[in-house]
Amino acid sequence: MSKIIKTLTIAGSDSSGGAGIQADLKTFEEYGTYGFSALTTIVTMDPDKGWHHNVYPIDAAIVAEQLKTVFAGGPVDAMKTGMLGSVDIVLVAEKAIKDNLQTNVVIDPVMVCKGEDEVLNPESANAIRDLLLPLATVATPNLFEAGVLSGLGKLTSIDEMKEAARLIHGLGTKNVVVKGGKALGGDLAIDVFFDGSEYTVLETAKIEPAYNHGAGCTFAAAITGGLAGGLSVHDAVAKAKDFVSAAIRSGYAFNQYVGPVFHGGYRLER
Ligand SMILES: Nc1ncnc2c1ncn2[C@@H]1O[C@H](COP(=O)(O)OP(=O)(O)O)[C@@H](O)[C@H]1O
Ligand SMILES: Cc1ncc(COP(=O)(O)O)c(C=O)c1O
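Residues numbered from 1 in each chain as written. Chains lettered and ligands numbered in written order. Predicted model: local features only at pLDDT ≥ 70, side-chain atom pairs only at ≥ 80, totals over all residues.

Visitor: Go over the overall build of the protein chain with me, naming the residues and quoting the values.
Guide: From N to C terminus, the protein chain includes eight helices and nine strands. A globule of 270 residues ought to have a C-alpha radius of gyration of about 18 Å, and the protein chain, at 17 Å, matches this closely. The proportion of buried residues among the 270 residues of the protein chain is 50%. Partitioning the contacts of the protein chain with sequence separation of at least 6, the portion at a separation of at least 24 is 67%. (Helix = DSSP H or I, 4+ residues; strand = E, 2+ residues; numbered from the N terminus. Rg over C-alpha atoms; globule rule 2.2 N^0.38 Å. Buried ≥ 20, exposed ≤ 12 C-beta atoms within 10 Å, placed from the backbone. Contact = placed C-beta atoms within 7 Å.)

Dropping the structure here:
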């Protein structure tokens, strides 16, 4: 049998299935890797309150115990972080990465859920910036998060995305992808990749309807799967863009509020 390729996500639960740890594990499986997880938060969405999100962080000590379990098998081939929920959980993730000399680290600096435009937990966002970005192989902020991390505020053009990518690279991550996605105006879904010397603009047609709940998590998990399988960062990002586009195309209207991506949907004829 060929070598087992291991991937890990440290992220929150999205019971609606498109985002969070559910997105990550489904994507890891699609990439032919063996997925591990440490759950950080539980997110619920309330249909009686306009799909209001409630975020319930898990005790950081329990996150640490989960990571002890995962790393009992040694470092994984690549890992990602998603929603972390508290500064203490960010500290636990930082310690696990350092103690296990973990490489191929994808940091998705989740600060908001789609449709919301306020940072859920500013202290955690600052801790991700200060403690995790310096450990990252790739960081994948969306347009809003890139504006916050770079200090540039609202980003509205490719040039501004490039400037944000440069500033975020300066925070310590080796590579950065600023995701324009649906948030950037125009007909194209544009992401800017920066490796510290060159910019690559990745673009696809914007898919409508945009069933893109979970697209960010899926994109970062796909990069993780690619890195775990030995792709270069550039190739892992390019392949992830194709993977997430297919997942959005296969997405569906779950209810009146949300349309999640379908990670394995490309395999079905619909
Ligand atoms: N409607 C869409 N059509 C095509 N690609 C999209 C669409 N919406 C998002 N994407 C892509 O999905 C990925 C995740 O981006 P985005 O949805 O902005 O992230 P997040 O979920 O973190 O807000 C990016 O590659 C982005 O360009
Ligand atoms: C647990 C969790 N992580 C991350 C996200 C962010 O999702 P997306 O990939 O759509 O940005 C959400 C959004 O609901 C979530 O519930």
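Visitor: Now, about the nonpolar core: what can you tell me, with residues and values included?
Guide: Across soluble globular proteins, you tend to see nonpolar side chains buried next to one another. Counting residues in each nonpolar core, the largest one holds 77 residues, and the members touching the most others are Ala 93, Val 178 and Ile 223. Excluding residues that lie within four positions of it along the chain, Val 178 makes contacts with Pro 141, Leu 143, Ala 146, Met 161, Ala 164, Ala 165, Asp 191 and Val 192. (Core = buried A, V, L, I, M, F, W, Y, C linked by C-beta atoms within 7 Å.)

Visitor: So what's going on with the site of ligand 2? Which residues, and what values?
Guide: Around ligand 2 sit 17 residues, and of these Gly 12, Asp 14, Ala 19, Gly 20 and Gly 216 come closest. The greatest single-element share of the shell around ligand 2, amounting to four residues, is contributed by strand E1 (residues 6-14). Of the residues assigned to the shell around ligand 2, the class counts are eight nonpolar, seven polar and two charged. (Near = placed C-beta within 6 Å. Nonpolar A, V, L, I, M, F, W, Y, C, P; charged D, E, K, R; others polar.)

Visitor: Could you give an account of helix H6 (residues 158-169), with specific residues and numbers?
Guide: Over its 12 residues, H6 runs 16 Å from end to end, which matches the ideal 16 Å to within 8%, given 1.5 Å per residue. Of all the positions in H6, only Glu 160, Met 161, Ala 164, Ala 165 and Ile 168 are classed as buried. When H6 is viewed along its axis, its buried side chains cluster within an angular range of 145° and face the same direction. For H6, the elements touching its buried residues are strand E6 (138-139), helix H5 (143-150), strand E7 (175-179), strand E8 (188-194) and strand E9 (199-205). (Expected span 1.5 Å × (residues − 1). Arc of directions from axis to C-beta.)

Visitor: I'd like a description of the packing of helix H1 (residues 20-30) against helix H7 (residues 215-228), backed by residues and values.
Guide: Packing of H1 against H7 brings their axes to within 8 Å, and their N-to-C directions diverge by 35°. The way H1 lies across H7 gives a crossing that is right-handed. Contacts between H1 and H7 pair Gly 20, Ala 23, Asp 24, Thr 27 and Phe 28 from the former with Cys 217, Thr 218, Ala 221, Ala 222 and Gly 225 from the latter. For the contact of H1 with H7, a count of residues per class yields five nonpolar, four polar and one charged. (Axes fitted to C-alpha atoms, helices over the stretch in contact; angles between N-to-C directions. Left-handed = near helix turned anticlockwise from the far one by under 90°.)

Visitor: With reference to specific residues and values, describe the site of ligand 1.
Guide: Residues in contact with ligand 1 amount to 21 residues; listed here are only the nearest, Asn 142, Gly 181, Ala 189, Ala 210 and Gly 216. At the level of secondary structure, the elements contributing two or more residues to the shell around ligand 1 comprise E8, H7 and helix H8 (233-249). By residue number, the principal contributor to the shell around ligand 1 is H8, which donates four residues.

Visitor: Would you mind going over unusual backbone geometry in detail, with residue names and values included?
Guide: The residue after Glu 208, namely Pro 209, is reached through a cis peptide bond having omega -5°. The residue Leu 101 is not glycine, and still its phi comes out positive at about 50°. Tracing the chain through its elements places Leu 101 in the loop between helix H3 (87-99) and strand E5 (105-107). Since 8 C-beta atoms lie within 10 Å of it, Leu 101 is described here as exposed. Here the phi dihedral of Asn 104 falls at roughly 55°; this positive angle occurs in a residue that is not glycine. Structurally, the position occupied by Asn 104 is in the loop between H3 and E5.

Visitor: Any chance you could break down helix H2 (residues 60-71) for me, citing the residues and the numbers?
Guide: For H2, built from 12 residues, the straight-helix expectation of 16 Å at 1.5 Å per residue is met to within 8% by its first-to-last C-alpha distance of 16 Å. Of the positions making up H2, those classed as buried are Val 63, Leu 67 and Val 70. The arc enclosing the buried residues of H2, seen along the axis, measures out at 55°, which places them on a common side. Structural note: H2 exposes Ala 61, Lys 68 and Thr 69 on the side pointing more than 90 degrees away from its buried face. Along its buried surface, H2 packs onto E1, strand E2 (34-46) and H3.

Visitor: I'd love a proper account of the environment of Tyr 266, names of residues and values included.
Guide: Residue placement: Tyr 266 occurs in the segment after H8. On a C-alpha basis, the gap between Tyr 266 and Ser 37 in space is 24 Å, while along the polypeptide they are 229 residues apart. The contacts of Tyr 266, once residues within four sequence positions are left out, are Ala 246 and Ser 250.

Visitor: Hey, could you go over the environment of Leu 131 for me, with residue numbers and the actual values?
Guide: Position of Leu 131 among the secondary structure elements: in helix H4 (residues 122-132). Judged by local crowding, Leu 131 falls into the partly exposed class, with 19 C-beta atoms found within 10 Å. Considered as a pair, Leu 131 and Leu 171 are 40 residues apart in the sequence and their alpha carbons are 9.8 Å apart. For Leu 131, the contacting residues outside a window of four places in its chain are Val 90, Leu 91 and Glu 94.

Note that all results are geometric; they support no functional claim without further evidence.
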